[in-house]
Amino acid sequence: MATAPTDAPPASHGEDRHDERNKSLLRFITCGSVDDGKSTLIGRLLYDAKLVLDDQVATLESDSRKHGNAGEDIDFALLVDGLEAEREQGITIDVAYRSFATERRRFIVADTPGHEEYTRNMATGASTADLAVVLVDARKGILQQTRRHSYIASLIGIRHILLAVNKIDLMGYDRAVFDRHVADYLAFARDLGFSTIQPIPLSARYGDNVTRRSGKTGWYAGPSLIEHLETVPVEDAALDRPFRLPVQYVIRPNLDFRGFAGQVASGSVAVGDTVVVAKSGQSSRVREIVTHDGPLERAVEGQAVTLVLEDQLDVSRGNMLVAPAARPSVADQFQAHVIWFDHQPLLPGRSYILRTETDSVEATVTALKYSVDITSFSHIAAKALQMNEVGVCNLSTRAPIAFDPYRENRSTGNFILIDRTTNRTAGAGMIDYALRRADNIHWQAVEVDRAARAALKGHRPAVIWLTGLSGSGKSTVANRLESLLHSLGYHTYLLDGDNIRHGLNRDLGFTDEDRVENIRRVAEVARLMADAGLIVIVSFISPFRSERQLAREMMTKGEFFEVFIDTPIEECARRDPKGLYRKAMSGEIKNFTGISSPYEPPENPELHLRTVGTDPNDLAMRIEEMLATRMNGETTRDRDV
Amino acid sequence: MPLSHLERLEAEAIHILREVAATFSRPVMLYSVGKDSSVMLHLAMKAFYPARPPFPFLHVDTTWKFKEMIAFRDRMAKELDLDLLVHVNPEGIAQNISPFVHGSSAHTHLMKTVGLRQALDKYGFDAAFGGARRDEEKSRAKERIFSFRNTAHAWDPKSQRPEMWKTYNTRVAPGESIRVFPLSNWTELDVWQYILKENIPIVPLYFAARRPVVERDGMLILVDDERMPIGAGDKIEERMVRFRTLGCYPLTGAVESDATTLEAIVSEMLTARTSERQGRMIDRDEAGSMEKKKREGYF
């Protein structure tokens, strides 16, 4: 892509090339409501800066005639709306990234969609940006989506706003219109913590104040859009913050070399500096900073390097090498702001994969404190977080992670949440702070351990988890199984869904959120009982795979047995031992599993029992046989997460 | 002093390469022998130094590449001792497929798209690096750096995973895979400036030289071997030309140029008025053709 005007002499000597190679980089987004002209503005910017090449102009002209929304004129939006669906519908669906350079700076711009349903794509663009161009249609002023996008930009840590009051041509280049919109914007953006807000009146369609100042807005004395983008100071505060190297990869070509590879997230480090391993607190000194181009004396924020330490320390991916005097938090409980992306709502108690830049760990939301109304910025009590909503919650991870508060470090303070079943990126989080209870509550080491207790019992503990529809025969099989095991001298305990709901879980209903919490509590109780040495039989509908998976992961490997009591729903409804199906079908019971609430059958249970035409005693014996075989350790399946 | 934009782009790419090596069980780097592949190879050598890149390189050959590309490929593989895999779609050989006879669409689909799918399935790769850049084409500008593909290798542009910060979702189920584009944010000019700065070896076809070409549909096609049909109306001329992009020789147009050095190529780039894709016949086939090909599993 050309960077010089066509009439400029070609850069043919060394100095010019040197300049070309040493521009600073600014990443920005364009956002705002639908039809405010975001894509048109980028198209105009590229076109006026002579960054659209001849063959691309030819394509653009023919596309404008075919799909354009600009009458006889070129529709600049078609330069960026690249997907078929976008061109057909005339809207932006996903974020488009364009790179371009001017004489002074290199840019990466993300054109983000205005529709509310594509907020996640707007957030994607914002997450790597330093500045947001917020477009406002001069005819309409500040809209709900202007406020949404400004809030998300602020939440994601963008500190610079360029308020582009677009389509000013349609309002007769009227100063009063401009001033009114600017005042409205500043009134609500005051609380969003931006360091600069630069308002500019412009017309993307006609190019006023885009690359050069327009004569039609003589009353406006500020910079053009491109002038501001070229001169706004790029944040290099990351360089002044404490040293952080999230370890990505351990390079070990031979026994003599062990290098910790990663991209410096903040600060700098020099050969001879002391560094600390965040999670263990061990320290060493930097012996060498290795690169393919030769050793470095110093590595700074942004560089991808490999550190060799003087001592042999245990450091693996997900850990962090840090400055000894300013260490990150290491905790398994923290508060965070979360943006939700997935159609399946965020449910407290459900297990997700939490991924930081280099670490990956299981996590659950232990408390959803509130969701944020993104247009009024007020707090709302919430039991779940729906797609495109923002909430504040407490999270608990299975193992401690190393992090900084997001407002101090965008690299080491972020995470994403991944749905365990679909692997979709379900949400993104920005950590506020570690919860103090994580710092203060340590595991109490006990002298009589689970092995000692199990030895006294004479058998290994186990959790046998029966799952299936209501009326499938779980309780019957569970009772026969417990009698059988008891007669063989095993120490057992039966946790039955209905009974637990009369006591421990009497406060829970049958919504999805409550079902998740119901299972989490039962799994915790089963874990404690197994820890005490018992063989625990759990008889619960437990309709969701992710909660059964959560239960599995809580238990000691090889001691969890998922048993699918498989009875077709027609048969369950026919048996209907408690008359529940009749009520559910008549609409008297809401959220009834199999009728008005889903049941997700196990994909890979330890035992799959079909009940139709079999005797419950035989089924109980089959479970006992499996248990005996597994307990003898012959075929313990090692299941990894 | 803050890093320059080229240093930032390089660090971003190395970070991506390491993420994939750390989180996938069977990654591969697509090596198409062009300038972008040369940059990728160079970055792979840097990212894991002093170890070697912990993945093989795959060339999906179509049997219609420029001769000089194949010679260069084999030389690089030998010099760097690369684990190089070459795959050619056997159906294409059986059918004796030719872009001259069957047209660019059929040729590209069978030899590149299907050939690639075959190779990925054959070796069970769960992540594949490609050198594509967002500035090449409009649907590329919309694609994530970690681009999810289903078990049929298809891209679904309407349900891309949100890609926040550089915290990548690297999880896939068996049979699914990710295409990874470390050069997403580079431009053609960045690539050339980086090649110059790092002195990266590239196929000599990128430099201007006198070469025998035939003009067809406004494109200068190099007479690379005897398979090229020369009609009565065709005139073979010696012209000073070079290539901005390399692919199958019957589908890749040369440009007239005097640029015989990297410095001259960069100067030419600074004043270029056409995009490199202009020289590619496959992108002209139909509107939205790249998006369509990507949905079918093309890179």
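For the structure itself, consult the block above.
These numbers were taken from a predicted model, which means no experiment stands behind them.

*Asks:* Quick question: what am I supposed to make of the overall build of chain B here?
*Replies:* When helices and strands are counted, chain B shows eight helices and 10 strands. For chain B, the C-alpha radius of gyration of 19 Å lies close to 19 Å, the compact-globule estimate for 299 residues. Within chain B, residue pairs in contact and separated by at least 24 positions form 78% of the contacts whose partners lie at least 6 positions apart.

*Asks:* Explain the environment of P295 of chain A to me, please; I cannot follow it from the model alone.
*Replies:* All names here are of chain A. Along the chain, P295 turns up in the loop between β12 (283-290) and β13 (298-300). The class for P295 is exposed, based on 11 C-beta atoms found within 10 Å. Residues P295 and V271, 24 residues apart in the sequence, show an inter-C-alpha distance of 9.7 Å.

*Asks:* Got a minute to help me understand helix α6 (residues 188-198) of chain B in this structure?
*Replies:* Because each turn of an α-helix spans 3.6 residues, side chains separated by three or four positions end up pointing in the same direction. Residue and element names in this part refer to chain B. The element α6 is extensively covered by neighbouring structure, given that eight of its 11 residues are classed as buried. By the burial criterion, the buried members of α6 are E188, L189, D190, V191, W192, Q193, Y194 and I195. At the C-terminal side of α6, N199 shows a positive phi close to 55°.

*Asks:* What's the story with the pairing of strand β20 (residues 390-403) of chain A in this structure? I'm lost.
*Replies:* A regular strand places its side chains so that they alternate between the two faces of the sheet. Note: strand β16 (residues 329-340) of chain A against β20 of chain A, 10 bridges, orientation antiparallel. By the bridge assignment for β20 of chain A, H337 of chain A is matched with V392 of chain A.

*Asks:* Please explain unusual backbone geometry as it appears in this structure.
*Replies:* Of all residues except glycine, most have a negative phi; of all peptide bonds, most are trans. With an omega of 5°, the peptide bond running from Y49 of chain B to P50 of chain B counts as cis. On the secondary structure map, P50 of chain B appears in the loop between α2 (35-47) and β2 (57-61). Positive phi outside glycine occurs at S542 of chain A, with the angle close to 35°. Structurally, S542 of chain A can be placed in the loop between β25 (535-539) and α14 (545-554). For S542 of chain A, a count of 26 C-beta atoms within 10 Å translates into the label buried. Despite not being glycine, N199 of chain B has its phi angle at roughly 55°, a positive value. Looking at the secondary structure, you find N199 of chain B in the loop between α6 and β7 (209-216).

*Asks:* Got a minute to help me understand helix α7 (residues 175-189) of chain A in this structure?
*Replies:* Across its 15 residues, α7 of chain A extends 21 Å between first and last C-alpha, which sits within 8% of the 21 Å expected from 1.5 Å per residue. The inward-facing, buried residues of α7 of chain A abut β4 (131-137), α6 (144-155), β5 (160-166) and β6 (196-201) of chain A.

*Asks:* So what exactly am I meant to see when it comes to the sheet that holds strand β8 (residues 219-222) of chain B here?
*Replies:* All names here are of chain B. Pairing within the open sheet is antiparallel, and its four strands lie in the order β8-β7-β9-β10. Unpaired on one side and paired on the other, β8 and β10 (255-256) mark the two borders of the sheet. Relative to β10, strand β9 (residues 237-242) runs antiparallel, the two sharing two bridges. Paired with R242 across the bridge in β10 is V255.

*Asks:* Honestly, the interface of chain B and chain A in this entry has me stumped. Any pointers?
*Replies:* Think of interface size as the accessible area that goes away when the parts come together; that is how it is often given. Taken together, the contacts link 56 residues of chain B with 68 residues of chain A. Top element by residues in the side of chain B that touches chain A is helix α1 (residues 5-23) of chain B. It accounts for 10 residues. Broken down by class, the residue content of the side of chain B that touches chain A amounts to 23 nonpolar, 16 polar and 17 charged.

*Asks:* Even after reading the chapter, I still don't get the nonpolar core, so can you show me in this structure?
*Replies:* Generally speaking, a soluble globular protein has its nonpolar side chains buried in company with each other. Core analysis: the largest hydrophobic core is formed by 234 residues, its most contacted members being A132, A164, V463 and V538 of chain A. No other element matches the eight residues that α1 of chain B contributes to this core.

*Asks:* Whenever I open this one, the sheet that holds strand β5 (residues 146-149) of chain B confuses me. Can you help?
*Replies:* Through backbone hydrogen bonds, the strands of a sheet pair up, either in parallel or in antiparallel fashion. Residues and elements named next belong to chain B. With mixed pairing, six strands are arranged side by side in an open sheet as β3-β2-β1-β4-β6-β5. At either end of the open sheet lies a strand with only one pairing partner, and these are β3 (84-88) and β5. The mean inter-strand angle of the sheet, taken between neighbouring strand axes irrespective of direction, is 30°. One ladder, built from five bridges, connects β2 with β3; its direction is parallel. Bridge pairing links L58 to L85 in β3. Strands β1 (27-30), β2, β3, β4 (127-129) and β6 (177-180) of the sheet are contacted by helix α5 (residues 99-123), whose axis makes an angle of about 145° with β2.

Calculation criteria
Position labels on residues start from 1 in each chain and follow its written sequence. As a convention, the first chain written is A and the first ligand written is 1, with the rest following in written order. Per-residue local features of the predicted model are confined to residues with pLDDT of at least 70, and side-chain atom pairs are confined, for both listing and counting, to 80 or more; whole-chain, interface and lining totals are unaffected and use all residues. A run of H or I in DSSP becomes a helix once it reaches four residues, and a run of E becomes a strand once it reaches two; helices and strands are each numbered from the N terminus. Taken over C-alpha atoms, the radius of gyration is set against a globule rule of 2.2 Å times the number of residues to the power 0.38. Residues are defined as contacting one another if the C-beta atoms placed from their backbone atoms lie within 7 Å. The exposure label follows from counting other C-beta atoms within 10 Å of a residue's C-beta, where the C-beta atoms are placed from the backbone and the thresholds are 20 or more for buried and 12 or fewer for exposed, leaving partly exposed in between. We treat two strands as partners when DSSP finds at least two bridges between them. Expected helix span is computed as 1.5 Å times (number of residues minus one). Gly is put with the polar residues, along with every residue not named as nonpolar or charged; the nonpolar set is Ala, Val, Leu, Ile, Met, Phe, Trp, Tyr, Cys and Pro, and the charged set is Asp, Glu, Lys and Arg. Only buried Ala, Val, Leu, Ile, Met, Phe, Trp, Tyr and Cys residues enter a nonpolar core, and they are joined through C-beta atoms within 7 Å. Working convention: axes come from line fits to C-alpha atoms, limited for helices to the stretch in contact. Angles between N-to-C directions cover 0 to 180 degrees.

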